[in-house]
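Coordinate analysis (summary)
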Amino acid sequence: MLNKKLKRLVCATVTSMMLFSTVTAFADELGSGEQVTAKSISVTGTYDIIVRGFDWGPGVTQAVITLDNEVSDVNKDTFKVKETKQGMAGIEETERIILNAYVSDENGNRVEGVSKNVTIELAVGPEVGNPFVFSFETFANSWADPYYLNVTLANDSKLKVGDKVVDELNIRSEYVNRKTPTVDAFKEETYAAEGDISMKYAHYSPEFDNKKNPLIIWLHGAGEGGSDTLITTLGNEVGELITPEIQDKFGGAYVLTPQSPTMWMDSGSGEMDSTGKTIYAGSLMNLIKSYVNSSEDIDTNRIYVGGCSNGGYMTMKLILDNPEYFAAAYPICEPYSDAAITDKQLEGIENLPIWFTYALGDELVDSYSTSIATAKRLKAIGNKNVKISEFEKVIDTSGLYKNEDGSPYEYNAHWSWIYAFNDECVDGDDSLWSWLSEQEKVQLTQLEPSKPMEKPEKPGDDNIEKPGDDNIEKPEEPSDDVIEKPEEPDNNRNDSSISTGKDELPNTGAPISSMSVVIMGVLSTAVGIRMRKRR
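Rules and cut-offs
Residues numbered from 1 in each chain as written. Predicted model: local features only at pLDDT ≥ 70, side-chain atom pairs only at ≥ 80, totals over all residues. Heavy atoms only, no water. Pairing = 2+ DSSP bridges. Helix = DSSP H or I, 4+ residues; strand = E, 2+ residues; numbered from the N terminus. Axes fitted to C-alpha atoms, helices over the stretch in contact; angles between N-to-C directions. Salt bridge = Lys/Arg side-chain N within 4 Å of Asp/Glu carboxyl O. Buried < 20%, exposed > 50% of the residue type's maximum accessible area, 1.4 Å probe, protein only. Contact = heavy atoms within 4.5 Å. Polar contact = N/O pair within 3.5 Å; in protein donor to acceptor, adjacent residues only side chain to side chain.

Some thoughts on the sheet that holds strand β3 (residues 79-87)
With respect to topology, 3 strands assemble into an open sheet ordered β4-β3-β9, the strand pairing being antiparallel. One side of each edge strand has no neighbouring strand; the edge strands of this open sheet are β4 (90-95) and β9 (147-153). The mean inter-strand angle of the sheet, taken between neighbouring strand axes irrespective of direction, is 20 degrees. The pairing of β3 with β4 spans 6 bridges and is classified as antiparallel. Among the inter-strand pairings, E83 is bridged to a residue of β4, identified as T94.

Put into C-alpha cells, the structure is as follows:
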C-alpha cells in the first residue's frame, strides 16, 4: 500500500513539474513575442531625386531619402525601387537596379554612424532612368508627369532604428525636390525687348581672372524649345561645357544657351524651313548682342556659336547673316540646305573658321546636301580653316552601354553631338574644343576678297589734280548715299538684315505637315533610339 501511495506521489510531483515547465515555457514564449512587438517600428519619409546629364540626355541617378527616425546599417540589398513615369505610349513601370545604398547627409554625401538620410544610387542608361518625355502634341521634351519612385524594403531585409527593427517603411511616392548638380551653375534669365520675341536663356560665368574671356554659344535641337532652360541644358549634355576639361582649354569661358519658345527652324507658320526662314533670327541675334554688351569681361574677338540639328541650322543662319560678328562656328548635324546659300552669302564667311560635324548614317538630315556640300564650296573659294568630323554612325565609346550582343550601344545616327561633348571630334592633329579656343575674329580689313568698297578720301588740294580749264566739271564729292560703307554693328537696333521681316509671335497652333511631325519628333534629343523594351 505504501509503495502505491509513494508511486502516486512521485507521479503527481513529476506531472506538476512537467506542467509548470510547459506553462513557464509558454509564458516565456509569450513574453518574448511581446518583447519583439515592442521593438518593432514603422518609419515614414520623403525623397529628392538627383538628375544628371548624360550622352543621351538626363538620368535619375540617386534618390536621397529623409526619414522621421535615424537609421543605420543599410546597403543595396535593403531596398527595392520601382520607377513609374509617363512615357510616349502611356504609363511605364521599371524596376530600377540599385548600385549602392548608405546613410548620408541631406545632399547625398555618405556619413558614418546613424542619420535620418539615406541615399540610394541607381543605374542609368540610354533606355533607363530618363525623367523626360517627348510629346508629339508640343513637339518638345518636358518633365514626365507623373514621374515617381516607389521605395520599399526588400524581402528579408532589416532596417534598424537604434535597437528597434523597422517592419514597415512608408515613403511618399511624389518626390519633394529635383536636384541637377551638373547644370546648377547655369543661371536662368528672360530676354525681352520691344519688337523682339521674348525667350529664356541659361548662362554661365567663369571665375573672375583679371582678363577678358571668350563666349561659347550653344543652340539646342528641336526637342528642347519651351520656357524651362533645364530642358535645354539637360536635353543635350551642355553641362560638359562648364567642366574643367573644356573650360581649361579656353582659360575660362562664358557659356550662353538661348531657348526658342518653339524651335529655331519655325518659319512662323508652324512649318520647319531649311532654306533660311525663321522667325527667331533677329531676336536671337539681339539677345546675343545684349548679353555680350552686359559684360565688359567678354572678349568680343572670341565669340563662338554652334549647336545641333535645329541649333546647327540657326548657327548657319546667324553666321550667314552676321559674318563679321563671330570668331568661329561649330554646326553639328545641321539641316541648312546648301542650295539655299548664295555665292554672295558664302563669300561673307570665306574666312570664318567653321567645324562641321555629322554622321553619314544620319537618316534625318542628308549630310551630303548640307554640311558636306557647304564645306566643299567653302574650300573651293579659299577657306583654309574648314574642319570636318565625319562619322559613319554614333555609338557609345565609354564602354558602359552595350547592345544585347555585347557590341557598343548604338544611338540614332543623328546624334553626332555626343562626339562633340565627349571631345571626340578631331581633324588631323586638331580637336574641336582646343581648336575653337585658338580662333580669334578676323577683322573686316583683312577680308580682301569680300570686303565692302572703301569710301574714297574727300578730294582736296593735296591729293587731286585740278583741271586747267575752268569749264571742265570737277568730280563730285562721294556721297554717303552712293558709296557703300562697311556696316558697323549696332547693338541697340532690331536689324532687319538679320530677321525674316516677321514681327509676329510664333503660331504654335498652326497645323504641322506630316513630314515636319516626323522630323521634329525624331530630332528630339531626349527620346531613346528605340522605345524601352517591356519586360
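Okay, back to it.
A short note on the environment of K179
As for its position among the elements, K179 is in strand β12 (residues 178-179). Placed 127 residues apart in sequence, K179 and R52 show a C-alpha to C-alpha distance of 8.5 Å.

Considering the pattern of salt bridges
Enumeration according to the criterion identifies 11 salt bridges in this entry. Salt-bridge contacts for R377 lead to D343; the nearest nitrogen and oxygen are separated by 2.9 Å. Separated by 34 residues along the polypeptide, R377 in helix α7 (residues 371-380) and D343 in helix α6 (residues 343-348) bring together distant segments of the chain. Each of D338, D343 and R377 takes part in salt bridges that share partners, so that together they form one network.

Observations regarding the environment of F54
Its location among the elements puts F54 in strand β1 (residues 40-54). Of the residues examined, F54 reaches a relative accessible area of 18% and is grouped as buried. A C-alpha to C-alpha distance of 8.7 Å links F54 and G235, two positions 181 residues apart in sequence. Apart from the residues within four sequence positions on either side, F54 is in contact with G59, T61, V124, E237 and Y401.

Notes on the side chain of D48
Note that D48 resides in strand β1. D48 sits in the buried class, given a relative accessible area of 10%. A distance of 3.1 Å separates a polar atom in the side chain of D48 from the backbone nitrogen of N177.

As far as function goes, none of this settles anything; it's purely spatial.
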